[in-house]
Amino acid sequence: MNKYLFPVYAVILGIGIALLTKKQKSNGTKLLLSFSGAFLMALTLFDLLPEVYGHIEAKLAGLFIMLGILLQIILELFSKGAEHGHVHMHDTDNKFPWLLFISLCIHSFLEGFPIHQHNDMVYGVFVHKIPIATLITAFLINSGFSTFKIGAFLLVFATMTPLGTYVSNSTALSAETISLVNATVIGIFLHISTTILFESGEGHKFNLTKLVAICLGVLTAYFI
């Protein structure tokens, strides 16, 4: 049951952090983002990548990983990088961000596919979604949208990952098809996590605290 609820818990935690801090990107959120990027990448390499290469031919797996990277790049044309902590909107633009909404929903649905019984990827998604939900909530609040619109956005966003997990576990998709989708998700995860990890700090200096957060993320994934 946790494989369905953990992503929802993550969004709830993110909303709570956003309401408490009232900031779009505090230092704590930045560090959590760095930790989540390292944790997600490490789990992808330790858990998901070997599983995919164990089920489908290596070159085909590599092809779909590259397709996942390209898909995430395309999604970010519309989301402006919200999946890895970049949420921007002009102060004069008060229209509902449909492109951001659709892009995040597609991303969240796909990231639910690798989550199944006895798979640690649920923890990677859980940690990844907390800072993202925090930043998106702060963005929506600061943009002046109604409580109904904010609630509807976050409700759908929270349920898309469990929906992806349900489809992966409950439909009559072949093991090869699931592995190909998971390979695509690997590409998505690699693009997001590397963008977070290699992003320049303030003044283009790599922050020592960020390095510690990244190391902790990798170690936590290794010993989980």
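For clarity, every value in this text was computed on a predicted model and none was experimentally measured. All residue numbers refer to positions counted from 1 along the written sequence of the respective chain. Owing to the predicted nature of the model, reporting of local features is limited to residues with pLDDT of at least 70; listing and counting of side-chain atom pairs is limited to 80 or more, with chain, interface and lining totals taken over all residues. Neither water nor hydrogens contribute to the side-chain values; these are computed over all heavy atoms in the structure.

(A) Quick peek at empty space enclosed by the protein. The method works on a 1 Å grid over the protein atoms by themselves. A cavity is a set of points holding a 1.4 Å probe that cannot get out, a pocket is an open set with protein on both sides within 12 Å along at least five of seven lines, and residues with an atom within 4 Å of a point line them. Grid points are joined across faces, edges and corners, and a volume is the space filled by probe spheres set on the points. Evaluated as defined, the whole model comprises 1 cavity of 30 Å³ or more. There is about 40 Å³ of room inside the largest cavity. Taken together, Glu83, Leu104, His107, Ser108, Glu111, His128, Lys129, Ile132 and Phe157 form the lining of the largest cavity. Put simply, DSSP marks the helices as runs of H or I at least four residues long and the strands as runs of E at least two long, and each gets a number from the N terminus on. Listing elements by their share of the lining of the largest cavity, those giving two or more residues are α4 (98-111) and α5 (121-142). A total of 4 residues in the lining of the largest cavity trace back to one element, the largest contributor, which is α4. By residue class, the composition of the lining of the largest cavity is 3 nonpolar, 3 polar and 3 charged. Each residue gets one of three labels, nonpolar for Ala, Val, Leu, Ile, Met, Phe, Trp, Tyr, Cys and Pro, charged for Asp, Glu, Lys and Arg, and polar for the others, Gly among them.

(B) Structural view of the nonpolar core. Among the nonpolar cores identified, the biggest contains 58 residues, and Val52, Leu104, Ile136, Leu140, Phe153, Phe157 and Phe189 are the most heavily contacted of them. Of all the elements in the fold, those that place two or more residues in this core are α1 (2-21), α2 (27-53), α3 (58-79), α4, α5, α6 (147-170), α7 (175-197) and α8 (208-223). No other element matches the 12 residues that α7 contributes to this core. The contact criterion used is simple: two residues touch if any of their non-hydrogen atoms lie within 4.5 Å. Residues in contact with Val52, not counting those within four places in the same chain, are Ala61, Ser179, Asn182, Ala183 and Ile186. Think of a nonpolar core as a cluster: buried Ala, Val, Leu, Ile, Met, Phe, Trp, Tyr and Cys residues, connected wherever their side-chain atoms sit within 4.5 Å. The buried label applies to any residue whose accessible area, calculated with a 1.4 Å probe on protein chains only, is under 20% of its type's maximum; exposed applies above 50%, and partly exposed to all values in between.

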